[in-house]
Amino acid sequence: MEMIHVDTDIQLRDAFSQFEIDTERDIELTFSADAGEYEVFVRIKNCGKLRIRTFAYANAQVKYLFWNDNEHMIEIDETHEVLHNANVEVAHCEVNPYPVKRNTYMALREPGAYGHLVSSSLVASDKNYKQNIVNFAQRTLANIDNFAVVLNGGKLYIDAIGKIVKGASRSESHQKSRVMCFDDGQSSTVIPELLIDENDVQASHALTIGRIDREQLYYLQSRGLDQRQCTSLISSGYMYPITQFLSNETLQQELRAEMEAKLANL
């Protein structure tokens, strides 16, 4: 794993790369990818404000997983540029109990570009996300998927924007958000926005926000589980998939163990 303490420009060359940010500074990271397949894991251990820029050139296929372990409030601002026939998938996992404010912008600049934003959040404080994918060219595809479990004292706000500009015909923009709450006194707001300036396109959004089914909770407790165990078990269905986002099996096992420990202490 490569440690990052200062602003860094990274040219991706290996199929799999790991980085850890550990500094008191504000940091700017730039990732560039030429044609090829890459997977990138970034653990945010300690950081001030974080600025992320990525560039995926023609025929690049890149997956980024940003895993937030920061022990204080953090602000993240990121932009992703996706060019001809490039695929970029960006996932964020938020399991720490501290506030996060994140602004994500992805531009599908050239024909055949594909962009995917994913967030998986265990919300016990203020989590504020703005996500914006813009289809600038023909035959581009955008997806946004959000999954969250909101706990006591948690406040979630997501503004998810998919925009298809005039001239970006035969493009698609889709969104899906699922949020589950356990207790009263929680706040969850998800705003799915589709801004469409072209006729020959496909666009959709699906949103589910709700409390845990009390009958389901009672059923689990009748099988000998206490309420904390029930909360952990039900939350795992929302949170575990992010641990499989990258294909590295060693990393998958490590992240699943971390997730299990987090959920066991709910």
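Everything discussed here concerns the structure shown above.
What counts, and at which threshold
- Residues numbered from 1 in each chain as written.
- Predicted model: local features only at pLDDT ≥ 70, side-chain atom pairs only at ≥ 80, totals over all residues.
- Heavy atoms only, no water.
- Helix = DSSP H or I, 4+ residues; strand = E, 2+ residues; numbered from the N terminus.
- Buried < 20%, exposed > 50% of the residue type's maximum accessible area, 1.4 Å probe, protein only.
- Contact = heavy atoms within 4.5 Å.
- Pairing = 2+ DSSP bridges.
- Axes fitted to C-alpha atoms, helices over the stretch in contact; angles between N-to-C directions.
- 1 Å grid on protein atoms, 1.4 Å probe; cavity = no way out; pocket = protein on both sides within 12 Å on 5 of 7 lines; lining within 4 Å.
- Points joined across faces, edges and corners; volume = space filled by probe spheres on them.

Before going further, it helps to spend a moment on the environment of isoleucine 4. Among the structural elements, isoleucine 4 can be located in strand β1 (residues 2-4). Since its relative accessible area comes to 1%, isoleucine 4 is described here as buried. When the C-alpha positions of isoleucine 4 and leucine 29 are compared, they lie 9.1 Å apart, and in sequence the two are 25 residues distant. In this structure, isoleucine 4 is in contact with Ile10, Phe19, Glu20, Ile21, Asp22 and Leu29, ignoring residues within four places of it in sequence.

Looking now at the sheet that holds strand β15 (residues 171-181). Judged by pairing direction, the sheet is parallel, and its nine strands sit side by side in the order β1-β3-β5-β7-β9-β11-β13-β15-β17 without closing on themselves. Single-partner strands in this sheet number two, and they are β1 and β17 (201-211). On average, each strand axis in the sheet is tilted by 10° relative to the strand beside it, whichever way the strands run. Across 11 bridges, β15 lies against β17 in parallel orientation. Note on β17: the bridge partner recorded for glutamine 175 is histidine 205. Lying over the sheet, helix α3 (residues 249-264) contacts β3 (16-22), β5 (36-46), β7 (60-68), β9 (87-94) and β11 (114-123), oriented at roughly 35° with respect to β5.

Attention now goes to the layout of surface pockets. Of the voids in this model, the largest pocket is the one considered here, and its volume is about 150 Å³. Taken together, His116, Val118, Ser119, Ser120, Asp145, Phe147, Arg178, Gly237, Tyr238, Pro241, Ile242 and Phe245 make up the full set of residues lining the largest pocket. Those elements that provide at least two residues to the lining of the largest pocket are β11, β13 (141-150) and α2 (227-239). When residues of the lining of the largest pocket are assigned to their parent elements, the largest contribution, four residues, is made by β11.

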